Every structure is written in C-alpha cells, then in structure tokens.
Amino acid sequence: MTNFDFEKRTLASPYTVPDGFFEQMEDTLAMRAASIRFPQPRLITRRLRYAAAAAVAALVIGTAALYDSPASSPENFDEIARLFQQLSPDDQNSMLESYQDDIFMNE
C-alpha cells in the first residue's frame, strides 16, 4: 500500500468567510426563530373540527337508534304474527323454509 499524503492532494478553497461569521449566523437564526409568531388556527380548520365532531355524534346517535329500534320490541311481534296468519299456507311454508336457518330470526 502506498502512502497517501492528503495535504498534497487537496486544493485550497478560493472562498473565505470573515472571522466569527458562523457564530454570528447562529445567534441571528436563534433570535429570528424565537421571534416567530405562529398564526392562529384558521377558521376553516376550526370549522373542520366542528364538522368532524358533528359527524361522530351523528354516527353514535344513529348507531344507538339502530340498536333501540321499535321493530324489536315485544308488542310488535303480535302484529307480525297477525300478518303472518293472513298469508296463504303456501306462503307461510315458503317463508318458514327460507328463514329456517337464519341466525337473526332464531335467536
């Protein structure tokens, strides 16, 4: 392996900076960063938050309404039984065969 002399291979930079330039630049940037005032949330952002909250509330209320539907109350089963009795025997048998294995009907 040959000896490589880094000092002989490098070229002198034609650019120079004044003494203390980087320290002064660092202080200037720190002062500017400290003085930055971030803008208040825009009205659109605030409205978007309200719209998202309203959508979540509507979803919760809608879901609660589905679980507390009046069709599942016991007094409506009498009405369903009465309507079922009005069907012809063939229609009754067809419905019973169709919904025999339905997991929601056979709870």
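Now for a description of the structure that goes with this document. Note that the coordinates shown come from a computational prediction; the quantities given were computed from them, not determined experimentally.

Re the overall build of the chain
A count of helical and extended segments in the chain gives 5 helices and 0 strands. In sequence order, the chain lays out its α and β elements as α-α-α-α-α. On the chain, roughly 11,000 Å² of surface is accessible, and the fraction owed to carbon and sulfur atoms is 60%.

Considering the pattern of salt bridges
This structure, assessed with the given rule, holds 1 salt bridge. Across the pair E79 and R82 runs a salt bridge whose closest N-O atoms are separated by 2.6 Å. Here R82 and E79 lie together in helix α4 (residues 74-85), a separation of 3 residues that amounts to about one turn. Residue classification places E79 among the partly exposed residues on the basis of a relative accessible area of 37%. Among the residues examined, R82 registers a relative accessible area of 42% and is labelled partly exposed.

Digging into the packing of aromatic side chains
By the definition in use, this model includes 1 aromatic pair. With a centroid separation of 5.3 Å and an interplanar angle of 75 degrees, the aromatic rings of F21 and F22 are classed as edge-to-face.

Quick notes on a nonpolar patch on the surface
The grouping of V17, F21, F22, M25 and L29 at the surface amounts to a nonpolar patch, some 460 Å² of accessible area in total. Of the residues examined, F21 reaches a relative accessible area of 33% and is grouped as partly exposed.

Analysis parameters
- The written sequence of each chain sets the order in which its residues are numbered from 1.
- In view of the model being predicted, local features appear only for residues whose pLDDT reaches at least 70, and side-chain atom pairs are presented and counted only at 80 or more, with totals across whole chains, interfaces and linings using the full set of residues.
- Side-chain calculation: all heavy atoms of the structure are included, whereas hydrogens and water are not.
- Helical segments are the DSSP runs of H or I of at least four residues, strand segments are the runs of E of at least two, and each set is numbered from the N terminus.
- Method for areas: the Shrake-Rupley scheme with a 1.4 Å probe, in which residue coverage is limited to the protein chains shown.
- Salt bridge criterion: a side-chain nitrogen from Lys or Arg within 4 Å of a carboxyl oxygen from Asp or Glu.
- Burial classification: accessible surface area is computed with a 1.4 Å probe over protein chains only, and a residue below 20% of its type maximum counts as buried, one above 50% as exposed, and the rest as partly exposed.
- Pairing of aromatic rings covers Phe, Tyr and Trp, the last counted by its six-membered ring, and requires centre-to-centre distances within 6.5 Å; plane angles under 30 degrees mean stacked, over 60 mean edge-to-face, and any other angle means tilted.
- Residues enter a patch when their relative accessible area is above 30% and they make no salt bridge; the linking distance is 9 Å between like charges and 5 Å between nonpolar side chains (Val, Leu, Ile, Met, Phe, Trp, Tyr).

The analysis is restricted to geometry; functional conclusions fall outside its scope.
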